[in-house]
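# Structural overview for review
Here is how the chains run, residue by residue.
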Amino acid sequence: MKFNSYVLIFLFTFSAFSSFAQVVLPYGTGQGKVAFVNGNNYPGIEEPIPLGPKTFRLAGNDIWVADSIGGKLMQFSKEKGLIAEFSLLASPATVLTSVSKVATKAPDLELIIEDMAPVYDSEGKLVSWWIIDLMQNRLLNYSTDGKKIAELKHEKFVQPFRVEVGTAGHIFVADKGSQAIFVFDSALKLLSQPNWEWSGFAVGSETDTLYRLFYEAESAKTYLVSQNLENVIEKELELDLPEHLNPELWWVNEVDEEFVLTYTPATRFEGKFIIARIGFDGKVKTSQDLVPPIAMNRFIDHNNFAEIWLGAADYGTAPAGNLTLLPMVLP
């Protein structure tokens, strides 16, 4: 199925889009554009998955996008468009932006931004971002105006994948290579490292409780597990889901006692996931199809649980097309 068909399904599935609230990012270099790497600009590349912006986050009234290959963060207003952008690189990225017919190696990248997490002060003001640099398996902390504040390295990091920051300042790093979630305090001291099954995770909005998914092979059941900062499991909730593959937890709303996850149907991936809103009783409140972009790490995010945005892209066809961020409705 080609990208245009994906877009049609996407628009059909989520009909409640605002006609003006969207962010469109062309591929290329320069202000408001994002870099990509695929077989079009690097015909000799051995990487099977195309690369482009891997993550975006909602922060108040703004949307922040990581130009993962171009090495910059971009701030957008939902109404006015691009507000600011700043580079994290010592020197400008040199990534090809057009189709090349000459066999080329992969670009020599200084960093790849895998994920990002906002940091708020005690008054709820956004003050900085923790980002994952996949090139050097480390985390970097930057202020909202682009000044480097701190760096977090650890000998146990193998392939950091997702990062979240709790209200008390704890940093949670999910690592695919280590199959663990590393929990650090605000002084960057490692507190615990619970097991992780590549199935997403969330940090409680009211507390720094860690939520993750656990699959029990004997019963073929998926459970939501919550645990405190002492690595003590507080609750295991069996989920009333149909037969499924690859569940991924995105966020937990402790006030409304519900959470959101995606999963692949038992028929295996055929261009779409199922997204479900589930109560703390383990029962599905609502679910529907979701067409993910090709390819992003964090392709969905929320603002205060009520506002949800989704990415739409196909980095394999770039420089054709765009990365588009759109609001969606999950009833």
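Rules used throughout
- Residues numbered from 1 in each chain as written.
- Predicted model: local features only at pLDDT ≥ 70, side-chain atom pairs only at ≥ 80, totals over all residues.
- Heavy atoms only, no water.
- Helix = DSSP H or I, 4+ residues; strand = E, 2+ residues; numbered from the N terminus.
- Polar contact = N/O pair within 3.5 Å; in protein donor to acceptor, adjacent residues only side chain to side chain.
- Contact = heavy atoms within 4.5 Å.
- Pairing = 2+ DSSP bridges.
- Axes fitted to C-alpha atoms, helices over the stretch in contact; angles between N-to-C directions.
- 1 Å grid on protein atoms, 1.4 Å probe; cavity = no way out; pocket = protein on both sides within 12 Å on 5 of 7 lines; lining within 4 Å.
- Points joined across faces, edges and corners; volume = space filled by probe spheres on them.
- Nonpolar A, V, L, I, M, F, W, Y, C, P; charged D, E, K, R; others polar.

Checked against the element boundaries, Q75 lands in strand β4 (residues 72-77). Among the polar contacts listed, one links the side chain of Q75 to the side chain of D62, at a separation of 2.9 Å. Ignoring anything within four residues of it in the chain, the contact list for Q75 reads D62, I63, W64, G81, L82, I83 and A84.

Across the sheet, four strands lie side by side as β14-β15-β16-β17; this open sheet has antiparallel pairing. Each edge of the sheet is formed by a strand with only one pairing partner; in this case those strands are β14 (201-203) and β17 (233-238). Taken pair by pair, the neighbouring strands of this sheet meet at an average axis angle of 25°, ignoring direction. Examined bridge by bridge, strand β15 (residues 210-216) and strand β16 (residues 221-227) share seven bridges and lie antiparallel to one another. Each bridged residue has a counterpart across the sheet, and for R212 the counterpart in β16 is V225.

A few words on the layout of surface pockets. Roughly 1,200 Å³ of internal volume is contained in the largest pocket. If you list the elements that add at least two residues to the lining of the largest pocket, you get β10 (160-165), β15, β18 (244-253) and β19 (258-265). For the lining of the largest pocket, the element with the highest residue contribution is β18, accounting for five residues. Roughly 790 Å³ of volume is contained in the second largest pocket. Looking at the second largest pocket, it is lined by 30 residues, and the ones nearest its centre are Y120, V165, T167, S205 and H302. Where the lining of the second largest pocket is concerned, the elements lending two or more residues are β2 (55-59), β6 (113-120), β10, β14, β18 and β22 (300-303). Tallied by class, the residues present in the lining of the second largest pocket amount to 13 nonpolar, eleven polar and six charged.

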